[in-house]
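Spelled out from the first residue to the last, the chains are:
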Amino acid sequence: MMIRPPDSQSRFFELRGLRHHVRCWGDPARPWLLLGTGWLDCSASFGPLVAGLLEDHYVVSPDWRGTGLSGWPADGYWFPNYLADVDALLTALGAPEHLHFVGHSMGAQVLSLYAGAQPEKARSLVLLDGLLLPDSPASKAPKQYRRWLQQVAKPRPPKRYANFETLAQRVKAQHPQLDDAWALFVAHSWGAADDDGQIRLLADPKHLHNMPTLHRLAESEAVWAEVTAPVLFIEAGRSVFHSAGEQSERPRRYAAFSKAAKCEVQTLPEAGHMLHWDAPEATAGLIRAFLKSIADRP
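As a starting point, this report considers the structure included with it. Note that the structure is predicted; figures quoted are calculated from it, not measured. (Residues numbered from 1 in each chain as written. Predicted model: local features only at pLDDT ≥ 70, side-chain atom pairs only at ≥ 80, totals over all residues. Heavy atoms only, no water.)

### Description of a positive patch on the surface
A surface patch of positive charge is lined by Lys140, Lys143, Arg147, Arg156 and Lys159. Checked against the element boundaries, Arg147 lands in helix α4 (residues 141-153). Residue Arg147 is classed as partly exposed on the basis of its relative accessible area of 45%. (Patch = residues over 30% accessible without salt bridge, like charges linked within 9 Å, V, L, I, M, F, W, Y side chains within 5 Å. Areas by Shrake-Rupley, 256 points an atom, 1.4 Å probe, with all protein chains shown as cover. Salt bridge = Lys/Arg side-chain N within 4 Å of Asp/Glu carboxyl O. Lys, Arg positive; Asp, Glu negative; His and termini not counted. Charge placed at Lys NZ, Arg CZ, Asp CG, Glu CD. Helix = DSSP H or I, 4+ residues; strand = E, 2+ residues; numbered from the N terminus. Buried < 20%, exposed > 50% of the residue type's maximum accessible area, 1.4 Å probe, protein only.)

In structure tokens, the structure reads:
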């Protein structure tokens, strides 16, 4: 059964030449927690997870550029832009000097890099089934650039659906563990009705372009080595990224956080990669327990 998401407040900011939407839950007098969503996801779909965090925290979650209610850039998507967006948003929000960062999947990559680039701002770092980008050898660069140029020349049109129920069926086809109510909730989080009544996806189709630049694991590891906050890694036992090869990579990536005040690994055996849908209460419980365990840290 789907957990009823709590009421949220939407705030909009014009930053770095783009409109940014941030969803806020709870009492801003409480310790702040910034929640970074995964690729193509948006803040609205995290409501059931947030429900389990509000007793002790004020939660803010940006829709990354090109997702949710945030604007679409003209060119494309690169990780340095996400980090600069976080920096600008924290200033615009009047965020406290130190706050908790929780990132899922792509959001884990973004916020782990941000916490390494700005270690003084992180009270803690929680990574939900993240740090999964494969290392890319330099030999891939020519093909990567050629493919990117082809995609820029012939961009994909936005996806449209007849109604929210049709979009929910598409969601459920990709995530069969969801019941009908959950799938419809996700559809309403991911889509919006146009004037003709059809539903368009809120995520920019340019996200489906490959980035022209390559991911170099060594560079990420060098940034992660600068993280000083306590870190919690929450793995999803039924994740699509749970292959033997990917599992063997995780210890090396976790070990890169060599300056972290504390590192802890937890697993939710029955959850898939979208653990904020599969196990929102259990995920929130692990986050709360970890934050309580470090509560005395300045």
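Back to the text.
### Structural notes on the sheet that holds strand β1 (residues 9-15)
What the eight strands build is an open sheet, ordered β1-β2-β4-β3-β5-β6-β10-β11; its pairing is mixed. What marks the edges here is a single partner per strand, and that holds for β1 and β11 (263-268). Along the sheet, successive strands turn relative to each other by an average axial angle of 20 degrees, direction set aside. Alignment of β1 against strand β2 (residues 18-25), held across seven bridges, turns out to be antiparallel. Note on β2: the bridge partner recorded for Phe13 is His20. Its contacts with the sheet put helix α2 (residues 79-93) on β1, β2, β3 (32-36), β4 (58-63) and β5 (99-104), and the angle it makes with β1 is roughly 115 degrees. Strands β3, β5, β6 (122-128), β10 (231-236) and β11 of the sheet are contacted by helix α10 (residues 280-293), whose axis makes an angle of about 160 degrees with β10. (Pairing = 2+ DSSP bridges. Axes fitted to C-alpha atoms, helices over the stretch in contact; angles between N-to-C directions. Contact = heavy atoms within 4.5 Å.)

### Overview of the packing of aromatic side chains
Counted according to the given criterion, the structure contains ten aromatic pairs. A centroid spacing of 3.8 Å and a plane angle of 20 degrees characterise the contact between Phe233 and Tyr254, whose relative ring orientation is stacked. Remark: Tyr254 occurs in helix α8 (residues 244-255) and Phe233 occurs in strand β10; sequence separation between them is 21 residues. Exposure class is identical for Phe233 and Tyr254. Each is buried. (Phe/Tyr/Trp six-rings, centres within 6.5 Å; stacked < 30°, edge-to-face > 60°.)

### A look at the pattern of salt bridges
Oppositely charged side chains can pair when the atoms bearing their charge come close. All chains considered together, the criterion is met by 14 salt bridges. Two residues, Arg160 and Asp196, come together in a salt bridge whose shortest N-O distance is 2.4 Å. With Arg160 in strand β7 (residues 160-161) and Asp196 in the loop between β8 (191-193) and β9 (199-201), this pair connects stretches of sequence that are 36 residues apart. Of the charged contacts, one joins Glu249 and Arg253 as a salt bridge, the two residues approaching to 3.2 Å between their closest N and O atoms. Highlighted residues: Glu249 and Arg253, both in helix α8, separated by four residues, approximately one helical turn. Its relative accessible area of 29% is what places Glu249 among the partly exposed residues. Connected through shared salt-bridge partners, Arg160, Asp194, Asp196 and Arg200 make up one network.

### Topic: the state of the cysteines
Inspection of the entire model under this criterion finds zero disulfides. Cysteine Cys24 shares no disulfide, and the gap to the nearest cysteine sulfur, in Cys42, comes to 15 Å. You can call Cys24 buried: its relative accessible area is 3%. (Disulfide = S-S within 2.5 Å.)

### Description of α2
In this model α2 runs 21 Å from its N-terminal to its C-terminal C-alpha over 15 residues, within 8% of the 21 Å that 1.5 Å per residue would give. For α2, the set of buried residues is Phe79, Asn81, Tyr82, Leu83, Asp85, Val86, Ala88, Leu89, Leu90 and Leu93. The secondary structure elements touched by the buried residues of α2 are β1, β2, β3, β4, β5 and α3 (106-117). In the stretch just after α2, Gly94 is the one whose phi turns positive, near 65 degrees. (Expected span 1.5 Å × (residues − 1).)

### Digging into the environment of Pro176
Take Pro176: it is sitting in the loop between α5 (164-174) and α6 (180-190). Sequence-wise, Pro176 and Pro48 are 128 residues apart; in three dimensions their C-alpha atoms are separated by 18 Å.

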